[in-house]
Amino acid sequence: MTASTGNQRPSRDHGQAAKLLAELHELPEDSPRRRTLRDRLVEQHMPLVVYLARRFSGRNEPMNDLVQVGAIGLIKAIDRFDPERKLEFSTYATPTILGEIKRHFRDTGWLIHVPRRAQELQTTLNAARADLSQELGRAPTVKEISERIEVDEDTVLEALDAARAYSGVPIDVLAAPGENVPEHPMLGIIDEGFDQVEQRAMLRKVIANLPEAEREILLLRFIANKTQTEIAAIVGVSQMQVSRLVARGLRRLRESLGAPEPPTEPRRRKS
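Residues numbered from 1 in each chain as written. Predicted model: local features only at pLDDT ≥ 70, side-chain atom pairs only at ≥ 80, totals over all residues. Heavy atoms only, no water.

A.B. asks: How should I be thinking about the overall build of the protein chain in this particular structure?
C.D. replies: Scanning the protein chain from N- to C-terminus turns up 12 helices and zero strands. Relative to its full complement of 271 residues, the protein chain shows a buried share of 25%. A separation threshold of at least 6 residues defines the contact pool for the protein chain, and within that pool the share at least 24 residues apart is 52%. For the protein chain, the computed accessible surface area is about 19,900 Å², with 51% contributed by carbon and sulfur atoms. (Helix = DSSP H or I, 4+ residues; strand = E, 2+ residues; numbered from the N terminus. Buried < 20%, exposed > 50% of the residue type's maximum accessible area, 1.4 Å probe, protein only. Contact = heavy atoms within 4.5 Å. Areas by Shrake-Rupley, 256 points an atom, 1.4 Å probe, with all protein chains shown as cover.)

A.B. asks: Please explain a nonpolar patch on the surface as it appears in this structure.
C.D. replies: On the surface, Met202, Leu203 and Leu257 cluster together to form a nonpolar patch covering roughly 240 Å² of accessible area. Residue classification places Leu257 among the partly exposed positions, given a relative accessible area of 36%. (Patch = residues over 30% accessible without salt bridge, like charges linked within 9 Å, V, L, I, M, F, W, Y side chains within 5 Å. Salt bridge = Lys/Arg side-chain N within 4 Å of Asp/Glu carboxyl O.)

A.B. asks: Would you take a moment to explain the confidence of the model for the protein chain for this structure?
C.D. replies: Segments scoring low in pLDDT should not have their predicted coordinates read at a detailed level. Of the residues in the protein chain, 69% have a pLDDT of 70 or more, and the chain-wide mean is 76. Residue range residues 171–176 is modelled with pLDDT below 50. Its contacts to residues more than four positions away, or to other chains, number six contacts. (pLDDT = per-residue confidence, 0-100.)

A.B. asks: What is the right way to look at helix H7 (residues 142–149) in this model?
C.D. replies: In an α-helix, one turn spans 3.6 residues; hence positions three or four apart end up facing the same way. Buried within H7 are the following residues: Ile145, Ser146 and Ile149. The buried residues of H7 occupy an angular sector of 100 degrees when projected down its axis, which confines them to one face. (Arc of directions from axis to C-beta.)

A.B. asks: Would you mind showing me how to read the nonpolar core here?
C.D. replies: Side chains that are nonpolar tend, in soluble globular proteins, to be buried together. Leu41, Leu74, Ile78, Phe89, Ile97 and Ile101 are the most contacted members of the largest nonpolar core, which has 25 residues in total. Those elements that place two or more of their residues in this core are helix H1 (9–26), helix H2 (33–53), helix H3 (63–80) and helix H4 (89–108). Those residues in contact with Leu41, other than ones at most four positions away along the chain, are Ala17, Leu20, Leu21, Leu24 and Ile78. Ranked by size, the runner-up nonpolar core spans 11 residues in total, among them Leu218, Ile231, Ala232 and Val246. (Core = buried A, V, L, I, M, F, W, Y, C linked by side-chain atoms within 4.5 Å.)

A.B. asks: How should I be thinking about the packing of aromatic side chains in this particular structure?
C.D. replies: Aromatic ring pairs are described here by two measures, namely the spacing of the ring centres and the angle between the planes. Taken as a whole and judged by the stated rule, the model has two aromatic pairs. Taken together, a centroid distance of 5.4 Å and an interplanar angle of 65 degrees make the contact between Phe81 and Tyr92 edge-to-face. Residue Phe81 is found in the loop between H3 and H4, and its partner Tyr92 is found in helix H4; the two are separated by 11 residues along the sequence. Under the relative-accessibility criterion, Phe81 is labelled buried at 6%. (Phe/Tyr/Trp six-rings, centres within 6.5 Å; stacked < 30°, edge-to-face > 60°.)

A.B. asks: Looking at this model, I keep getting lost on the packing of helix H10 (residues 212–223) against helix H12 (residues 239–257). Mind explaining?
C.D. replies: When two helices pack together, their arrangement is given by the angle between their axes and by how far apart the axes lie. Where H10 meets H12, the closest approach of the two axes is 9 Å, and the angle between their N-to-C directions is 100 degrees. It follows that H10 is roughly perpendicular to H12 by the angle criterion. Contacts between H10 and H12 involve Glu214, Ile217, Leu218 and Phe222 from the first element and Val242, Leu245, Val246, Arg248, Gly249, Leu250, Arg252 and Leu253 from the second. Taken together, the residues of the contact of H10 with H12 break down into eight nonpolar, one polar and three charged. (Axes fitted to C-alpha atoms, helices over the stretch in contact; angles between N-to-C directions. Parallel < 35°, antiparallel > 145°, perpendicular 65-115°, else oblique. Nonpolar A, V, L, I, M, F, W, Y, C, P; charged D, E, K, R; others polar.)

A.B. asks: Just to check I follow, could you spell out unusual backbone geometry for this structure?
C.D. replies: Outside of glycine, negative phi angles account for most residues, and trans bonds account for most peptide bonds. Even without being glycine, Glu150 reaches a positive phi, approximately 60 degrees. On the secondary structure map, Glu150 appears in the loop between H7 and helix H8 (153–163). Positive phi, normally seen in glycine, also occurs at Asn225, with a value near 60 degrees. Tracing the backbone through its elements, the reader meets Asn225 in the loop between H10 and helix H11 (228–235).

A.B. asks: Mind showing me how you'd approach the UniProt feature "domain: RNA polymerase sigma-70" (unreviewed entry) in the protein chain here?
C.D. replies: The feature "domain: RNA polymerase sigma-70" (unreviewed entry), as annotated in UniProt, sits at residues 65–78 in this numbering. A distance of 20 Å separates the end C-alpha atoms of residues 65–78, which is 100% helix and 0% strand. (UniProt positions renumbered as here; feature names shortened; annotations may be inferred.)

A.B. asks: Can you walk me through the pattern of salt bridges in this structure?
C.D. replies: Two side chains carrying opposite charge are able to pair once their charged atoms lie near each other. All told, the structure shown has eight salt bridges when counted by the stated rule. The partner of Lys76 in a salt bridge is Glu100, and the shortest N-O contact between them spans 3.1 Å. Residue Lys76 is located in helix H3, and its partner Glu100 is located in helix H4; the two are separated by 24 residues in the primary sequence. Residue classification places Lys76 among the partly exposed residues on the basis of a relative accessible area of 27%. Its relative accessible area of 12% is what places Glu100 among the buried residues. Across the pair Arg138 and Glu144 runs a salt bridge whose closest N-O atoms are separated by 2.8 Å. Residue classification places Arg138 among the partly exposed residues on the basis of a relative accessible area of 40%. You can call Glu144 partly exposed: its relative accessible area is 22%. Among the charged side chains, a salt-bridge network with shared partners connects Glu214, Arg248 and Arg252.

A.B. asks: What is the right way to look at a negative patch on the surface in this model?
C.D. replies: There is a patch of like negative charges on the surface, built from Glu147, Asp152, Glu153 and Asp154. For Asp154, the location among the structural elements is in helix H8. Relative accessible area serves as the criterion here: at 59%, Asp154 is assigned to the exposed category. (Lys, Arg positive; Asp, Glu negative; His and termini not counted. Charge placed at Lys NZ, Arg CZ, Asp CG, Glu CD.)

Given below as structure tokens:
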């Protein structure tokens, strides 16, 4: 209901709303005035929608979304209201608005899609579990729950599994001990290795065509991550020869792949 600024405001608003509702429902369905009247009624009762939506403000759902969903319930209440029943409109509209908001949470609040019957069974299931736990002094079995709520055990198991889908596990819980978690974690990251698969396949063919000495030197240098000194000791050549074989092998690779030569630094003159 709209907020009052004086003693006469509530009764005046109530009387105006009653007249608008009576006029709306007396008009034929195709009357263009129906939309004007409905818009005025919606505007007049939006404070009621906001008030009811605030009851659900702590559930990680944007308030604007809740108000929009509640407004749908308000429109439904306006269209279904029967002035001849002499009910207070706000009393009639409140359960309709709340029902629309609760339906929104039921349909969109789950992380994954679960059967509707499993969603609707949650309230009954939770109440039965709480009562049985108190009566038995322990957690009830699936069979005991199924007997209490008079459904088969498979349906109970389905509902129990569905309950785990309503809320997720924080991403930082999934991180290994000692591993840093990004400030804004994502469920996935870009794996640069996928972009390198094609490049590796191409290089493998080119490297296979290199002379054996150059191929061995390049594999030791860039795959085994050996230093030139270590390679020289392994192959039994000088470090200078290793450097030349590396340079020659890289040049052959660039030529085979059509890659440009890297820029060379100008030689400094000796003073």
